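Letter by letter, the chains look like this.
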Amino acid sequence: MPQRTPGNVKKNRRRRPGARLSCFALACALALASVAPVAPAQMPDARRAAEAAAERAAAGRDIDELVRRAMGVACAERELDPQGSAPIDEMQARPSLPLRHAEVVAGTQRAERLLPVAKILAAESLRRLLREYRVKESSAVRAAFARLSQVRWIKPDMELRDNASVLYKEPRTIRFGTIFLAGLRSDEGMLGVLSHELTHVADGAGGSLRALFRGVAQRAGSAAGLRITARRGEELTCDLVGALAVRAYIARTPGVETLARRTARALAHNCVERDHTDRAHLSPRTTMRALLALDPALARELTGDPAEPGTSRDPSTPATRRTQRRAAHPIAPRTPRR
Ligand SMILES: [Zn+2]
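A short tour of the structure in this document, coming up. All figures in this text were calculated on a predicted structure; none of them were measured in a lab.

### Quick look at the overall build of the chain
Tallying secondary structure elements over the chain gives 13 helices and 3 strands in all. Counted over contacts in the chain with a minimum sequence separation of 6, partners at least 24 positions apart contribute 73%.

Encoded structure:
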């Protein structure tokens with residue numbers, strides 16, 4: 001039976017006075033109104049608002065559950081993965097390593113090899129976020145990309161221990177603590193940290209990306225139920241650029257490892273036991289939770305859950321749990337001038 005829309009019912013009821021309305025039509029309209037489901041357009045505002053709130057709450061619980069499972073997968077994969085990054089709290093407990101330590105030399109070489117790729121993928125990820133968060137292109141934003149493109153050097157630094165940093169007076173150099181260089185044992189883990197630091201460089205001393213940091217902080221705040229200050233928003237955005245860059249890298253570099261394992265490497269250094277924080281950063285586990293709540297597609301790549309109905313998969317994401325054999329958009333880094 002063709003479904004009678006509530007719109008028809010309303011139309012009949014609104015006939016001008018004096019127009020003849022057949023008793024048959026009126027009876028049908030009333031009968032249909034009594035059995036047909038009430039369409040949202042006819043619901044009282046309060047009921048509609050209550051239902052919308054209940055739907056949002058249910059969706060929020062679903063995301064919380066997805067994020068919780070994804071964090072579990074990321075940290076379980078880290079433990080099984082020979083290339084899993086050391087958690088930050090473990091790194092902090094180690095003595096600093098000398099510059100000539102074999103793991104430091106290997107980590108430096110890894111960072112130098114991946115820097116050109118990281119510059120391409122971090123810039124792409126930043127562009128994507130600027131579009132998504134509706135940050136207008138301006139001369140400041142163009143200057144941010146110019147700064148990012150000019151990073152050339154990796155400098156190991158014993159005093160930085162388990163950190164990496166950039167100095168505004170030396171914007172072409174990313175400094176790495178020797179413990180950090182040794183603790184990031186995969187290309188994915190290193191690429192995420194390089195992209196994080198490149199985002200700081202892009203922001204520069206003048207705060208070119210301030211609007212984006214604010215937008216990410218606000219969205220993460222409501223997605224993960226957190227209050228995130230502007231400063232922590234910057235660090236979180238740098239981590240988000242890192243996670244997006246790693247996803248794009250995985251999609252473009254064929255491999256036999258599972259998608260979950262490679263994706264976990266973007267987050268694994270946050271799998272701490274001692275979840276401490278400071279004024280600039282969310283704690284490592286809260287960072288992981290915020291990133292996964294901001295980007296549920298990242299969480300699904302860890303858990304293997306299907307993509308949200310009605311949403312398309314990130315074009316840079318492999319379609320299967322195994323990484324692609326053939327890269328759809330191969331990375332073509334320019335050889336850095338040194
Ligand atoms: Zn940072």
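### Digging into the pairing of strand β3 (residues 170-177)
When strand β1 (residues 153-157) meets β3, the two strands line up parallel, connected through 5 bridges. Looking at β3, one finds that K155 is bridged to R175. Looking at chain direction, strand β2 (residues 164-167) and β3 are connected through 3 bridges and run antiparallel. If you follow L167 over to β3, its bridge partner there is E170. Turn length for the β2-β3 hairpin, with the two strands adjacent in sequence and antiparallel, is 2 residues.

### Side note on the packing of helix α8 (residues 187-203) against helix α10 (residues 230-252)
When two helices pack together, their arrangement is given by the angle between the helix axes and the distance between those axes. Two elements in contact, α8 and α10, have axes separated by 7 Å at closest approach and are oriented at 135 degrees. When the axis of α8 is compared with that of α10, the two are oblique. Our pair here, α8 against α10, has a crossing hand that is right-handed. Side by side, α8 and α10 meet where E188, L191, G192, V193, S195, H196, T199, H200 and D203 of the first sit next to E234, T237, C238, D239, V241, G242, A243, A245, V246, Y249 and I250 of the second. Split by residue class, the contact of α8 with α10 holds 9 nonpolar, 7 polar and 4 charged.

### What about helix α3 (residues 45-80)?
When the terminal C-alpha atoms of α3 are compared, their 52 Å separation across 36 residues agrees well with the 52 Å that a helix rising 1.5 Å per residue should span. On its buried face, α3 sits against α11 (259-264), α12 (284-294) and α13 (296-303).

Quick notes on the rules
- Starting from 1, residues in each chain are numbered consecutively following that chain's sequence as written.
- It should be noted that, the model being predicted, local features are given only for residues of pLDDT at least 70 and side-chain atom pairs only at 80 or more, the latter also being counted only at that level, while totals for whole chains, interfaces and linings use all residues.
- Each helix is a run of DSSP H or I of at least 4 residues and each strand a run of E of at least 2, with the numbering of both proceeding from the N terminus.
- Contacts are defined on C-beta atoms placed from the backbone: any two residues whose C-beta positions lie within 7 Å are in contact.
- The pairing criterion is simple: DSSP has to find at least two bridges between the two strands.
- Lines are fitted to the C-alpha atoms to define the axes, a helix being fitted only along its stretch in contact, and any angle between axes, read from their N-to-C directions, falls within 0 to 180 degrees.
- If an angle is under 35 degrees, it is roughly parallel; if it is over 145, roughly antiparallel; if it lies from 65 to 115, roughly perpendicular; otherwise it is oblique.
- Crossings are assigned a handedness: left-handed for a near helix turned anticlockwise from the far helix by less than a right angle, right-handed for a clockwise turn.
- Residue classes follow a fixed rule: Ala, Val, Leu, Ile, Met, Phe, Trp, Tyr, Cys and Pro count as nonpolar, while Asp, Glu, Lys and Arg count as charged, and any other residue, Gly among them, counts as polar.
- The length a helix should cover is 1.5 Å for every residue beyond the first.

These figures come from the coordinates and say nothing about function on their own.
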